[in-house]
Amino acid sequence: IIGITVSKTDNFSQWYQEVVLKAEMIEYYTEISGFFIMRPATMHIWNTIRKWFQERIEALGVEETSFPMFLSQKSLEKEKDHVEGFAPELAWVTKAGDKDLEVPVAVRPTSEAVMYPYYSKWIRSHRDLPLRLNQWNSVVRWEAKQTTPFLRAREFLWQEGHTAHLTEQLAGEEVLQILELYAGIYEQLLAVPVVRGRKTEAEKFAGGYYTTTVEGYIPSNGRGIQGATSHCLGQNFSKMFDITVEDPNEKGKHINVWQNSWGLSTRVIGVMVMIHGDDKGLVLPPRIAKIQSILIPVGLTAKMTAEDKEKHLKHLDEIFFTLKKAGIRTEVDLREGYTPAWKFNDWELKGVPLRLEFGPKDAAKDVVSYARRDTGEKGTIPLAELTAKVPELLETIQQDMYNKAEAAYRAHRLQITKWDDVVPALDAKNVVIIPHCLVPACEDKVKELTAGRADDAAENAPEGHKAPSMGMKSLCIPFEQPEGLVKGETKCLSPECTRLAEQWCMFGRSY
Ligand SMILES: O=C(C[C@H]1NCCC[C@H]1O)Cn1cnc2c(c1=O)CCCC2
Ligand SMILES: [Mg+2]
């Protein structure tokens, strides 16, 4: 095999593309650009996430639904206030066979407009509330920007939850319950730390009331990345789509319901790859790895008698079944004609968290040798202790991977109170938390002020001159607010703003 040909630090974007390809997670769909094939290694991760999330939303009372993937011009009109925002990303079907469709239909980029005319029909009385439906599907957004596997694709898998409640308070409770589940997917399954917070007015879902979000951090380029969002839509959509109930306290009076919508997509897999991967390839957190440990025979040389070899492989089988019985997702690599070293590289490339080697020397000492994929640490485990030690070691790997990523995020999340420290912090691959007025126009200004200057000489520099670095965007208003912001006294940090600061706001260059 040829492994990864570039180092993660030298060429992060090429490193990423090679890892997802060579770890057999993705295949480029070369027929049409912007689409990717997701292979078994990816689907195992997605299905593990789906099982974990599905079980928990069912416990909350959310039911499953499946709506058509097409939406009509008419229902799109209802959302006209922000349709123009995303019209360029809509894919349209205009023909069936050789016949033009009377009315073209759009492929869903999200399903509010598909679902809410039926919410209006189904929700009559407050006894119909809360209505809570979720669907697992794919959506299409014809991105104009450069696409990349998992992070930005023209079609992606996600779940979209759409709920309706009697009051703002009931809706608000659910928004946070779901956000906490999103944080759980990142932190407990993917070993990825996230900051929980609220999007600013400028960055929230335009059609909504407020957006809560989990924000990730990519150490390799110091960028923030939106992990998943849980929106309170307020009564905006129930007014657009006439979703009302009779006021239980006042006959004849009608109330527009309070709605939420929440989504998490296969983007989460890309975040996990970027954070944990290394120059040997993918590094998988054990809880989501299809193969948690790979058992490889070593030291089977030609000078071994057939009988001894037979005996050794039988012993290997016993180890394999011991691990299976202990619930470990284990495979044995008995491929003929490949050296142990070749096999080691292959499984490291695929991110298997734990390698187990078993040779005559190990057999003589009644041990199995191991090598951790995350730290490379090697050691031995007595055969008699496999059932206890291997699950323990896998849990240690999971926790260590999380702790390492959490420390990196914490070290690169800088609280800044002097404007001149901001750009140097961004250039040193940090995200920043600053006192901010939260006014959209001020945010735009901050983005401009922090965009790296393409120095004048660069304007007509020969091709390939480093492009100006992007300005920083607001990522979220962290729920956990640092100390030190005195309301009515602390000023917004932007040098071009004279307003008072409202809250600490996390900013960063971002995806
Ligand atoms: O999709 C949402 C809101 C909501 N949709 C349901 C899942 C949760 C949440 O993402 C916001 N949004 C983002 N991006 C786009 C659209 C859009 O509505 C519609 C057109 C294409 C681009
Ligand atoms: Mg988009």
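Located above this text is the structure these notes cover.
Model, not experiment: these values are computed from the prediction.

**Examining the side chain of His-276**
- Looking at the element boundaries, His-276 is found in helix α8 (residues 267-276).
- His-276 gets classed as buried once you look at its relative accessible area, which sits at 10%.
- Here the side chain of His-276 touches Ala-191 through a polar contact of 3.1 Å, landing on its backbone oxygen.
- Excluding its chain neighbours within four sequence positions, the residues that come into contact with His-276 are Lys-8, Leu-190, Ala-191, Val-192, Val-283, Pro-285, Met-401 and Ala-405.

**Section: the sheet that holds strand β16 (residues 330-332)**
- Pairing is mixed in the open sheet, where five strands are placed in the order β16-β15-β17-β18-β19. Every interior strand has two partners, whereas the edge strands, β16 and β19 (378-382), have only one. Ignoring strand direction, the axes of neighbouring strands in this sheet form an average angle of 25°.
- Its contacts with the sheet place helix α10 (residues 340-349) against β15 (293-297) and β17 (354-358), and it is angled at close to 170° to β15.
- On the sheet, helix α12 (residues 386-411) packs against β17, β18 (367-372) and β19 and is oriented at approximately 10° with respect to β18.

**Things to note about the nonpolar core**
- Counting residues in each nonpolar core, the largest one holds 52 residues, and the members touching the most others are Met-25, Phe-53 and Leu-190.
- At the level of secondary structure, the elements contributing two or more residues to this core comprise α1 (12-22), α2 (40-59), α6 (168-189), β10 (210-218), β11 (223-234), β14 (258-265) and α8.
- Once you skip the residues sitting within four places of it in the chain, Phe-53 turns out to touch Trp-136, Gln-159, Ile-178, Leu-181, Tyr-182, Ile-185 and Trp-262.
- Listed in part, the 23 residues of the second largest apolar core include Leu-76, Leu-90, Leu-233 and Ile-255.

What counts, and at which threshold
- Residues numbered from 1 in each chain as written.
- Chains lettered and ligands numbered in written order.
- Predicted model: local features only at pLDDT ≥ 70, side-chain atom pairs only at ≥ 80, totals over all residues.
- Heavy atoms only, no water.
- Helix = DSSP H or I, 4+ residues; strand = E, 2+ residues; numbered from the N terminus.
- Buried < 20%, exposed > 50% of the residue type's maximum accessible area, 1.4 Å probe, protein only.
- Polar contact = N/O pair within 3.5 Å; in protein donor to acceptor, adjacent residues only side chain to side chain.
- Contact = heavy atoms within 4.5 Å.
- Pairing = 2+ DSSP bridges.
- Axes fitted to C-alpha atoms, helices over the stretch in contact; angles between N-to-C directions.
- Core = buried A, V, L, I, M, F, W, Y, C linked by side-chain atoms within 4.5 Å.

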